[in-house]
Every structure is written in structure tokens, then in C-alpha cells.
Amino acid sequence: MIRPNQLWPLALTLLIAGCGSGAKTTTTGKPADPIAPATIKPGEEATLFPMAVGNQWVYDASGVSSTRTGGQQQNQTEVTFKMTKVTDVPGGQEAEFDVMANGNLTNKQKWLLNKEGLYQTATGKKLDPMTPMQPIVKFPIQEGATLEPWTGTGPFGDETTAKMSSTAKSMGPRLVDTEMGQVSAFMFQSTSKIEMKKTKGGTELTLWLKPGVGIVRLEQTLVFPDINQTMTLRLKSFTPHKP
């Protein structure tokens, strides 16, 4: 059985979702200065997901879960990502961060960043590994570029491991709404299939990354025989580590 509180976050799969376009509007209704598209120089891709112990991201999280029996539940909460450990690895860094809802630990994540890209290497409270590690973003970032299909295993739901496969694509810089206002961020989308002993399903997710900040918005849809779920995270604040 898949339970809603188990679903964030799965190794990344991406669905195109509504992102803003056009001029920003002030409270007077007059257009503000246009927002320049996000840019990133080759060799500076590490700024897409700043890695330092103490970095903290706070999100407004909203979602809807629908069960096979017809029940529906709407959820509104605050979700915090807090980076707890950063380790130097050959060619890059690997970071661990806690995922908390209303102050309660709900998940843990481990991501790796090197000159080739950004990867998810483990997930779950016990940090069970993704085998092999799953690519999230590949460098250099090129609009329209498609990542090579990924196939592997990882933790999900009540199962120790699940078989997974995914395809992903880089959509380039896009305007997107957050709780901090409208920003330009790099958008990535993918689709995953998940196979467990008793059921099969899949997820679609859109991820927006802003250089110097990290994830500013995330939208995920999950479809399984017993439950459908959608979830949106909108960044409220980013507090970088202070040396």
C-alpha cells in the first residue's frame, strides 16, 4: 500500500507544469522591470544547488491525494530542507539533507554534485541507496537536451527496493512563481516508471533550479492503482550557511 506521507521525494521525474511568462506586475498594476533569464557559466554549475552545512530552504507545500475508494484529502503544510553534512568526493561533493514537515523529520536525501551533473544517491530515513545513482541534471546545461534513459533500483513506499526507470529533459530558463515572487530558473522535467512486487505506477515532476539558491519550485504527480497524488513546493525562504 502506498501512503501519501511516503511519497516525497522520489528520485526525480519531471512533468511540465504552469510557469509564469511575461512582465512582472506590482501592486499598482504597473509592469515592473522584466526579469532577466537565468544564466550560468560553464564551470559554475555547482551554484545550481549550493552545498554547505546549515543551508536551509523553507517551502509552502500543497497537494491533493485521491484513493481508489473515492476518498480525497487536501494537504497544506510547511516543508523544510536542511543540509546536515557535506563530504568531498572525487571530482565533487556529496550532501545530506533532512526533509521536515512542520518540524517533524519525514525523509532524508543524499545528492552528489560533480563536473558531470547533479545526482540523487540515496533517500529515506536510513538513506537507502539509489543503484546506480540517478541523474537529476547533466552538465553543461543545454535547452532541449535529453538525458540518457536511467534504469535502476531504489527505496519506495513499504518496499525495501523498487525497480525504476526514468527519462529527463532540460527545458532551459523559465519564469516561475514562488512564495518569494516570480523568478527565472532553469527548468527540468522527467517521467519515471516504478515497479514493485505488488503494484506498478509512475511519477512526473517538474523541478526549477535558480543559480545561487537551489530548488525554488517543485511539482510532482504520482499515479498508482490505489492512489493518485499531486504536490507543489514553492520556496518561501532560503537561508545560506554563515561561516
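Here, every reference points to the structure presented above.
Residues numbered from 1 in each chain as written. Predicted model: local features only at pLDDT ≥ 70, side-chain atom pairs only at ≥ 80, totals over all residues. Heavy atoms only, no water.

This paragraph deals with the overall build of the chain. Across its full length, the chain holds zero helices and twelve strands. Taken from the N to the C terminus, the helices and strands of the chain come in the order β-β-β-β-β-β-β-β-β-β-β-β. For the chain, the proportion of its 243 residues judged to be buried stands at 47%. Surface summary for the chain: the accessible area is close to 12,200 Å², and the carbon and sulfur share equals 51%. (Helix = DSSP H or I, 4+ residues; strand = E, 2+ residues; numbered from the N terminus. Buried < 20%, exposed > 50% of the residue type's maximum accessible area, 1.4 Å probe, protein only. Areas by Shrake-Rupley, 256 points an atom, 1.4 Å probe, with all protein chains shown as cover.)

Residues Phe 49, Phe 81, Leu 118 and Ile 215 are the most contacted members of the largest nonpolar core, which totals 39 residues. At five residues, strand E9 (residues 181-195) tops the list of elements feeding residues into this core. Once residues within four sequence positions are removed from consideration, Ile 215 is found in contact with Phe 49, Trp 57, Tyr 59, Phe 81, Trp 111, Leu 207, Trp 208, Leu 209 and Leu 235. Residues Met 130, Trp 150, Met 164 and Met 196 belong to the second largest nonpolar core, which totals ten residues. (Core = buried A, V, L, I, M, F, W, Y, C linked by side-chain atoms within 4.5 Å. Contact = heavy atoms within 4.5 Å.)

Time to look at the pattern of salt bridges. Two side chains carrying opposite charge are able to pair once their charged atoms lie near each other. Taken as a whole and assessed by the stated rule, the structure comprises five salt bridges. Linking Lys 110 and Glu 96 is a salt bridge whose minimum nitrogen-to-oxygen distance equals 3.7 Å. On the criterion of sequence distance, the pair formed by Lys 110 in strand E4 (residues 104-114) and Glu 96 in strand E3 (residues 92-101) is long-range, its members being 14 residues apart. Among the residues examined, Glu 96 registers a relative accessible area of 15% and is labelled buried. Close ionic contact of Lys 108 with Asp 98 constitutes a salt bridge, the shortest N to O distance being 2.5 Å. Remark: Asp 98 occurs in strand E3 and Lys 108 occurs in strand E4; sequence separation between them is ten residues. Side by side, Lys 108 and Asp 98 carry an identical accessibility label, which is buried. (Salt bridge = Lys/Arg side-chain N within 4 Å of Asp/Glu carboxyl O.)

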